Amino acid sequence: MKTGKTNSNFTSRATAIAGLAALLFAPAAEAHDVHEAHVEAHEAEAHYAREGHVSPTATHDAVRPLIRAFRESGDDAHLDAAWALIEPDLEAHDVDTATLVDAAMVAQSRHDFELALELVDRALAKRPHLDSAWLLRASIELVRGRIDSALDACRKLRRVAAMTAVTCRSRVAIAQGRNETALRQMTAVLAHVRRDDAYADGLAWSFSVAGDAAADLDTKLAASLYGNSLDLAESTQVRSALVDVLLRADRLDDAKAALASGSAALPLTVRRMIVAKRENRDAEIAHEIARADRRFRHWIAHEDWLHAREMARFYLDVLPRPALAQQLARVNLAQQREAEDLLLAARTRGCSSCGG
């Protein structure tokens with residue numbers, strides 16, 4: 001059983017890592033995508049503790065920091081290392097559910113959604129009421145555009161905090177285009193959460209989902225919500241979403257400040273070039289643009305679509321190649337169908353000169 005980055009048969013990429021999570025109140029949150037895979041790992045551990053099962057394995061303990069490192073840095077090498085650790089355990093007949101959920105999160109983050117769903121279903125066959133597996137299944141289904149299946153997965157949650165259930169359903173509402181409903185739900189539930197009582201990564205996820213709901217309604221509010229999320233937990237995906245709403249509001253200085261605090265991950269690197277283009281500084285980074293163009297054309301030639309979304313943004317907003325941008329947006333849309341993917345496809349369809 002393998003997963004890889006250059007398989008042209010990949011179903012798609014998660015927008016980052018798994019988007020569903022658990023926020024634990026006292027006893028008892030993206031992504032945007034996903035949001036944060038390590039939050040599902042936390043929920044898996046909580047499930048084990050509640051049910052009195054055997055503790056997660058040493059492999060689980062080694063994989064979890066790698067998933068977190070990928071979320072923070074966007075460096076695919078962390079996913080490769082995690083998969084190398086976990087793959088040998090998957091053939092065992094008695095593989096535990098924590099390992100299966102961890103493997104599903106890694107597969108999703110590497111955009112192999114078919115494999116991710118297979119692994120989630122193996123976990124659920126062992127423990128039909130494993131909330132972390134249902135959360136992850138909802139995330140995967142949302143990225144694939146299967147809204148009804150995602151809602152069904154949210155409805156299967158049994159022992160999670162109210163925040164978790166609300167955030168799960170709010171993500172579905174966003175996918176249905178009911179952003180106002182989602183924002184109203186998230187605003188209400190966040191108003192009753194004390195940060196010192198909440199699990200930080202879960203709360204960060206919930207703030208990011210609220211930001212997603214606000215993005216098309218109130219860019220100032222969305223930026224604030226994404227900022228709250230990042231104050232709690234660093235995420236390449238959430239920082240990218242923050243930069244996008246700042247760019248939409250033409251707040252270039254704020255976008256630059258947000259990027260200055262981010263990693264060298266490809267989504268943020270492309271957005272740095274977009275800012276430079278907006279400021280008419282593309283001549284200053286001509287060598288960087290040329291290097292990215294060579295890199296992307298190499299991936300295209302090898303049908304490596306892992307970063308199709310970022311490549312489409314590059315050829316739409318940095319180095320205008322309208323036909324190529326549209327082609328890449330179509331490839332990306334065939335793989336993942338989150339709101340930003342639909343918007344990207346619409347922008348390329350309406351692109352004549354692009355740029356800027």
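Please refer to the structure placed before this passage.
So, here's what we can say about the structure. (Residues numbered from 1 in each chain as written. Predicted model: local features only at pLDDT ≥ 70, side-chain atom pairs only at ≥ 80, totals over all residues. Heavy atoms only, no water.)

## Thoughts on helix H12 (residues 236–248)
- Relative to the 18 Å expected for 13 residues at 1.5 Å per residue, H12 spans 18 Å between its end C-alpha atoms, a close match to the ideal helical length.
- In terms of burial, H12 is a largely internal element, 12 of the 13 residues being buried.
- Restricting attention to buried positions, one finds in H12 the residues Thr-236, Gln-237, Val-238, Arg-239, Ser-240, Ala-241, Leu-242, Val-243, Asp-244, Val-245, Leu-246 and Leu-247.
- Where H12 is buried, its residues meet helix H2 (58–73), helix H10 (200–214), helix H11 (219–232), helix H13 (252–260), helix H14 (266–278) and helix H16 (308–317).
- Phi for Asp-250, located one or two positions after H12, is positive at around 60 degrees. (Helix = DSSP H or I, 4+ residues; strand = E, 2+ residues; numbered from the N terminus. Expected span 1.5 Å × (residues − 1). Buried < 20%, exposed > 50% of the residue type's maximum accessible area, 1.4 Å probe, protein only. Contact = heavy atoms within 4.5 Å.)

## Here we look at the environment of Ala-81
- Along the chain, Ala-81 falls in helix H3 (residues 76–86).
- Here the alpha-carbon distance between Ala-81 and Ala-62, two residues 19 residues apart in the chain, equals 9.9 Å.

## A short note on the pattern of salt bridges
- Within this structure, the stated rule accounts for 26 salt bridges.
- Between Asp-317 and Arg-313 there is a salt bridge, with the nearest N and O atoms lying 3.1 Å from each other. Residue Asp-317 and its partner Arg-313 are both found in helix H16; the two are separated by four residues, about one turn of the helix.
- In this structure, Arg-347 and Asp-317 form a salt bridge, with 2.6 Å as the shortest nitrogen-oxygen distance. Linking Arg-347 in helix H18 (residues 339–349) with Asp-317 in helix H16, this pair joins segments that are 30 residues apart in sequence.
- Note on Asp-317: relative accessible area 3%, which makes it buried.
- When salt bridges that share partners are traced, they join Arg-171, Arg-309, Glu-338, Glu-340 and Asp-341 into one network. (Salt bridge = Lys/Arg side-chain N within 4 Å of Asp/Glu carboxyl O.)

## Comments concerning the state of the cysteines
- Summed over all chains, the structure comprises one disulfide.
- Through a disulfide, Cys-154 is tied to Cys-168; the S-S separation comes to 1.9 Å. In this structure the cystine formed by Cys-154 and Cys-168 twists about its S-S bond by roughly -85 degrees; its chirality is therefore left-handed. Taken as a pair, Cys-154 in helix H7 (residues 147–155) and Cys-168 in helix H8 (residues 162–175) lie far apart in primary sequence, 14 residues in all.
- Residue classification places Cys-154 among the buried positions, given a relative accessible area of 4%.
- Taking relative accessible area as the criterion, Cys-168 reaches 1% and is therefore assigned buried. (Disulfide = S-S within 2.5 Å.)

## Details of the packing of aromatic side chains
- Scanning the model with the defined rule gives four aromatic pairs in all.
- Measuring from ring centre to ring centre gives 4.9 Å for Phe-314 and Tyr-315, while their planes differ by 85 degrees; the resulting arrangement is edge-to-face. In terms of burial, Phe-314 and Tyr-315 fall into one category: buried. (Phe/Tyr/Trp six-rings, centres within 6.5 Å; stacked < 30°, edge-to-face > 60°.)

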